[in-house]
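The primary structure of each chain is shown beneath.
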Amino acid sequence: MATLVFLHAHPDDEASGTSGTMVLAKEHGHRVVWVCATNGDHGTAPEGCTTPDEVAAARRLEAEASARVLGVDRLVWLGYADSGMTGWEQNHNDLSFARANPVEAGRKVADVLDEEGAEVLVGYDWHGGYGHPDHIMVHTVMNQAAEQAARRPRVLQATFNRDRQRQRAQEARAAGMDLDWDPDGPADDGNPMGTLEADLHWDVDITDVIASKRAALQCHASQSDVQSMLSMPDEVFELAFGHEYFIEEGLAQPMTAAWPFGSSAGSVPDDSPATVRVGDDRA
Ligand SMILES: [Zn+2]
């Protein structure tokens, strides 16, 4: 058994980002820890919530429900405020995650890694997939935590596969869908979405557990972006979200469709891509 720590920016990012991988990790007998950096107080206000504190409290309950759906063993809150999207005035809140001291925030995550003896830390790519300031900070804090941990974990960066997104968008338009979305166009930070396939290392097929992804998202149904994901018919949802992609810097392999984390049953064959690593610090 290994322990995998997933660092996410907001409650609901675990569902939209890595929920399939989290469920598969549980199925493979691993321990799954979810570290949530912010309280999500600038998300869509759930019904009956008016103040940021009320929003944060409601989103905490939603996150706890999602954690139960996913079988998460431990949910850790870092307690930062939500920065909002690029350009929002909340970006300037000194308590926001985006403005956190990366060394201090990294220490908090490293403490979790140390307490857990974690083998794996999952965060985000260099621009958090689409440039949200709190998501960019996840990347920075992920690297800080890995450096500060007593034992350096494997570090995987969750991201979108831009080539696949482009292909899906083209297919949707060809099928007559009026889709006003271009993954190559500027996202929140002015950069295109995610990462090109040539720079990815892992393609995790989550279609067997796609119902769990939908169920986890359902726990966050107060959020408008989650609602738009849930509004997709099952077959479109599976096409859009049936794979989760990761960068693992230092791996020599091209993007490989395989389970990256082995199994508690020790059934990983020697020639599994999961054992193909470069560098002597990850044996
Ligand atoms: Zn987020």
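Residues numbered from 1 in each chain as written. Predicted model: local features only at pLDDT ≥ 70, side-chain atom pairs only at ≥ 80, totals over all residues. Heavy atoms only, no water.

**With respect to the coordination of the zinc ion**
Turning to step 1, where the next piece is worked out: Here the zinc ion is held by His-10 (ND1), Asp-13 (OD), Asp-13 (OD) and His-135 (NE2), and the distances to it run 2.1 to 2.5 Å.
Turning to step 2, where the next piece is worked out: Written as a sequence motif, the donor residues of the zinc ion are H-x2-D-x121-H. Within this pair, whereas His-10 is found in the loop between strand E1 (3–8) and helix H1 (13–27), its partner His-135 is found in helix H4 (residues 133–148), the two being separated by 125 residues in sequence. Like His-135, His-10 is buried. (Donors = N, O, S within 2.8 Å, 3.2 Å for Na, K, Ca; no water. Helix = DSSP H or I, 4+ residues; strand = E, 2+ residues; numbered from the N terminus. Buried < 20%, exposed > 50% of the residue type's maximum accessible area, 1.4 Å probe, protein only.)

**Focus: the sheet that holds strand E8 (residues 256–257)**
Turning to step 1, where the next piece is worked out: Reading across from one edge, E3-E2-E1-E4-E5-E7-E6-E8 is the order of the 8 strands in this open sheet, with mixed pairing throughout. The open sheet is flanked by strand E3 (74–80) and E8, the only strands paired with a single partner.
Turning to step 2, where the next piece is worked out: Pairing of E1 with strand E2 (residues 31–38) involves 6 bridges; the strand directions are parallel. Bridging across to E2, Phe-6 finds its partner in Trp-34.
Turning to step 3, where the next piece is worked out: The strands touched by helix H2 (residues 52–70) are E2 and E3; relative to E3, the strand with the most contacts, the crossing angle is about 155°. (Pairing = 2+ DSSP bridges. Contact = heavy atoms within 4.5 Å. Axes fitted to C-alpha atoms, helices over the stretch in contact; angles between N-to-C directions.)

**Focus on the side chain of Thr-21**
Turning to step 1, where the next piece is worked out: Here Thr-21 shows up in helix H1.
Turning to step 2, where the next piece is worked out: Beyond its immediate stretch of four places on either side in the chain, Thr-21 contacts Phe-6, Val-204, Ile-206, Glu-244, Phe-246, Trp-259 and Phe-261.

**Focus: unusual backbone geometry**
Turning to step 1, where the next piece is worked out: Even without glycine at this site, Asp-12 takes up a positive phi of about 115°.
Turning to step 2, where the next piece is worked out: Looking at the secondary structure, you find Asp-12 in the loop between E1 and H1.
Turning to step 3, where the next piece is worked out: Exposure remark for Asp-12: the relative accessible area of 6% places this residue in the buried category.

**Description of the packing of H1 against helix H6 (residues 210–219)**
Any two packed helices are characterised by the angle at which their axes cross and by the distance between the axes.
Turning to step 1, where the next piece is worked out: Their axes nearest at 9 Å, the elements H1 and H6 cross at an angle of 135°. Judged by the inter-axis angle, H1 sits oblique to H6. In the crossing of H1 with H6, the sense of the turn from one axis to the other is right-handed. The residues of H6 that touch H1, namely those facing Ala-15, Ser-16, Gly-17, Thr-18, Ser-19, Gly-20 and Val-23, are Ser-212, Lys-213, Ala-216 and Leu-217. (Parallel < 35°, antiparallel > 145°, perpendicular 65-115°, else oblique. Left-handed = near helix turned anticlockwise from the far one by under 90°.)

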